[in-house]
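# Structure at a glance
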Amino acid sequence: VTSLLSNPPATLDILWQDDRLLAINKPAGLAMHPAAEVDENLADVASAWLSGHSGHQCRAYPVNRLDRGTSGAVLLATSSSNAGVMGRQVKEEGLGKLYLAVVEGTIKGDGRIDEPLDGKESSTSFYSLACSSTHTLILAEPLTGRTHQIRRHLSGIGHPVAGDIRYKAAPLPALQGFALHSFRTVLLHPVTGDEITITAPLPSAIRSLITGFCGIDESGLLELLIEVATRKVAADA
C-alpha cells in the first residue's frame, strides 16, 4: 500500500511483466518513440531492458501512449503480434484509465466536460479530491481518446494542468513535465482474459506539489490514493 507514494527507481519502474506484456511507470520528460529532437525514448529503453533480461535481441512495442510531459502507466507488447492483439483490444474496448492531475484554481465537486476536439465528440469526467485557494487535485477519467484530451478540456474550463505551459498554465521549473499522471489502468490479459489492474506510484515532484499546494498532507494523500486505486468509475461498470 505505501508503495503508492514511493519514488520510481533510476532504472525502468516495471509495474507488470509476462512473456507478452510489459507495463512501465514512465517518468515525465521521456518520449514514447524515437524522434529527431529527443535523445532517449521509452520504446528503445524498454527494448534494451527486454534484450538484457532475455539474453537475445528483443523489441518492445508501445500499445498505448502518454504525452512526453505526462508520467504514469504505459503498456508495451513484447512482439508485433502481441501488439496487434492488444491494439485491437484498445480500439474495440478501450482501457479503463484514471489520471491524477493538479490543476490551477479551485474546483469543488464532480463534473463532466463534453466539448468536441478536432471536430470529434470528446468527454472527460473529473472528481475533485482536495483543493486550496490556488490549486486542486483531481481524478480525471477520459471517456473518449482524443489527442491531449484531458489537458485541453481542463484548460478549456479555466483550470489548466499545473506546469502545462502549452495550454495556458504558469511554468513550474520543479517539474520535468507537468502535473498529469496516469495512475490506474485496467485491461484484459490478451491470452487468459483475466482482468489486470495496474497502478503507477506518483513521482515525488507531483507528490510534493500536491502536499504543498492542494491542502492535504502526506497521510491524507495516501488515504486518497488507496481509495482511488479501488474506485468504481464508468470504465469499470
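Refer to the preceding data block for the structure.
Presented here is a report on the structure given in the accompanying data block.

Definitions and cut-offs
- Residues numbered from 1 in each chain as written.
- Predicted model: local features only at pLDDT ≥ 70, side-chain atom pairs only at ≥ 80, totals over all residues.
- Heavy atoms only, no water.
- Helix = DSSP H or I, 4+ residues; strand = E, 2+ residues; numbered from the N terminus.
- Rg over C-alpha atoms; globule rule 2.2 N^0.38 Å.
- Buried < 20%, exposed > 50% of the residue type's maximum accessible area, 1.4 Å probe, protein only.
- Areas by Shrake-Rupley, 256 points an atom, 1.4 Å probe, with all protein chains shown as cover.
- Contact = heavy atoms within 4.5 Å.
- Salt bridge = Lys/Arg side-chain N within 4 Å of Asp/Glu carboxyl O.
- Core = buried A, V, L, I, M, F, W, Y, C linked by side-chain atoms within 4.5 Å.

## Some remarks on the overall build of the protein chain
Counting its regular elements, the protein chain contains 5 helices and 10 strands. Taking 2.2 N^0.38 as the reference for a compact globule, 237 residues should give roughly 18 Å; the C-alpha atoms of the protein chain span a radius of gyration of 17 Å, in line with that estimate. Across the 237 residues that make up the protein chain, the buried fraction comes to 50%. Split by element, the accessible area of the protein chain, about 11200 Å² in all, is 50% carbon and sulfur.

## Quick notes on the environment of glutamate 121
The topology assignment puts glutamate 121 in the loop between β6 (110-114) and β7 (123-131). Glutamate 121 has contacts with Thr144 and Arg146, leaving out every residue within four places of it along the chain.

## Notes on the pattern of salt bridges
Throughout the structure, instances matching the rule amount to 7 salt bridges. Between aspartate 67 and arginine 151 there is a salt bridge, with the nearest N and O atoms lying 2.9 Å from each other. Of the two residues, aspartate 67 is situated in the loop between β3 (61-62) and β4 (71-77) and arginine 151 in helix α3 (residues 149-156); the sequence distance between them amounts to 84 residues. For aspartate 67, a relative accessible area of 12% puts it in the buried group. The residue arginine 112 makes a salt bridge to aspartate 114 at a minimum N-O spacing of 2.9 Å. Salt bridges sharing common partners tie together Arg65, Asp67, Arg151 and Asp164.

## A closer look at the nonpolar core
By size, the foremost hydrophobic cluster in this structure holds 50 residues, and its most contacted members are Leu137 and Ile210. In terms of residue count, the dominant contributor to this core is strand β5 (residues 96-104) (6 residues). In contact with isoleucine 210, not counting residues within four places along its chain, are Val102, Leu137, Leu202, Gly215, Ile216 and Leu221. In this structure, Ala23, Leu95, Leu187 and Ile198 belong to the second largest nonpolar core, which totals 13 residues.

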